[in-house]
Amino acid sequence: SSSKASYLSHFSSNTPLSKILSTHTNNNNMATEEATTFTAPEGTGTALAEIDVVAWYIEKVPSEHDLLKACHQLFYGSIPETSKLKEQLSQFKGFPSDASMEEKLKENLSTDPWNEACLKELCQFFDLDSKEGGKDQLIERCVTFLMKPTATNMTTIEALDKSRKSKTVLGY
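Structural notes, computed from the coordinates. (Residues numbered from 1 in each chain as written. Predicted model: local features only at pLDDT ≥ 70, side-chain atom pairs only at ≥ 80, totals over all residues. Heavy atoms only, no water.)

## Remarks on the nonpolar core
In globular proteins that are soluble, nonpolar side chains generally tend to be buried together. Counting 38 residues, the largest nonpolar core has Phe75, Leu109, Trp114, Leu122, Phe125, Phe126 and Leu146 as its most contacted members. Looking at this core, the elements with two or more residues in it are helix H2 (52-60), helix H3 (66-76), helix H4 (82-91), helix H5 (99-109), helix H6 (116-125) and helix H7 (135-147). Those residues within four positions of Leu146 in sequence are excluded, and the remaining contacts are Leu74, Phe75, Phe92, Gly94, Phe95, Leu105, Leu109 and Phe126. (Core = buried A, V, L, I, M, F, W, Y, C linked by side-chain atoms within 4.5 Å. Buried < 20%, exposed > 50% of the residue type's maximum accessible area, 1.4 Å probe, protein only. Helix = DSSP H or I, 4+ residues; strand = E, 2+ residues; numbered from the N terminus. Contact = heavy atoms within 4.5 Å.)

Shown next, in the form of structure tokens:
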């Protein structure tokens, strides 16, 4: 058993996600740590750093965590060196409004590693309803958020801090 606490219980180094992420970072066709330029999509939503709950998770979840890496892969198509991961996630403010982008996101979230349990954690990370509906509804919620992130105010930082003390936030 690992001595490190896990923030998100369904993402771990034993999941297929880690295997997928390791193959992506070692693939020469993918942007990797050596990438010299970083460009965030020209979205019109709120930067994740300005959405209190998402910013809280970005701050508290360890940089090595698979969910943060999976989000970066989803947002930017790459995984940066650990030191840049959180800063770049914080800058994300959605994708340009485009039906083909919505379809691509739905497709990406419909395949490994995005099973229902991982999608529920992604919804928690984005402060979206993670309890209602099946995989298709979770994907719809995530895609809507990803196209134009906005604060839902479903959860408060106080509630997160309190539940973190009682070890119930996303399995941590």
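Still to come is the rest of the account.
## Some thoughts on unusual backbone geometry
Note the cis peptide between Asp112 and Pro113, where omega equals 10°. Take Pro113: it is sitting in the loop between H5 and H6. Phi at Asn153 is positive, roughly 55°, even though this residue is not glycine. On the secondary structure map, Asn153 appears in the loop between H7 and helix H8 (157-165).

## Some thoughts on the packing of H2 against H4
Contact geometry of H2 with H4 gives a least axis separation of 10 Å together with a crossing angle of 170°. Classified by the interaxial angle, the pair formed by H2 and H4 is roughly antiparallel. Listed contacts from H4 to Ile58, Glu59 and Lys60 of H2 are Lys86, Leu89 and Ser90. Taken together, the residues of the contact of H2 with H4 sort by class into two nonpolar, one polar and three charged. (Axes fitted to C-alpha atoms, helices over the stretch in contact; angles between N-to-C directions. Parallel < 35°, antiparallel > 145°, perpendicular 65-115°, else oblique. Nonpolar A, V, L, I, M, F, W, Y, C, P; charged D, E, K, R; others polar.)

## Remarks on the packing of aromatic side chains
A complete count under the given rule lists nine aromatic pairs for this structure. Taken together, a centroid distance of 6.0 Å and an interplanar angle of 85° make the contact between Phe75 and Tyr76 edge-to-face. For the pair Phe75 and Tyr76, a shared accessibility class is recorded, and that class is buried. Here the aromatic rings of Phe125 and Phe126 are separated by 5.6 Å at their centres, their planes lie at 45°, and the arrangement is tilted. Summarising the burial analysis for this pair, Phe125 and Phe126 share the class buried. Among the aromatic residues, those joined into a cluster by ring pairs are Trp56, Tyr57, Phe75, Tyr76, Phe92, Phe95, Phe125, Phe126 and Phe145. (Phe/Tyr/Trp six-rings, centres within 6.5 Å; stacked < 30°, edge-to-face > 60°.)

## Concerning H4
Residues of H4 that are buried: Leu85, Gln88, Leu89 and Ser90. Taken together, the buried residues of H4 touch H2 and H3.

Just geometry here; none of it tells us what the structure is for.
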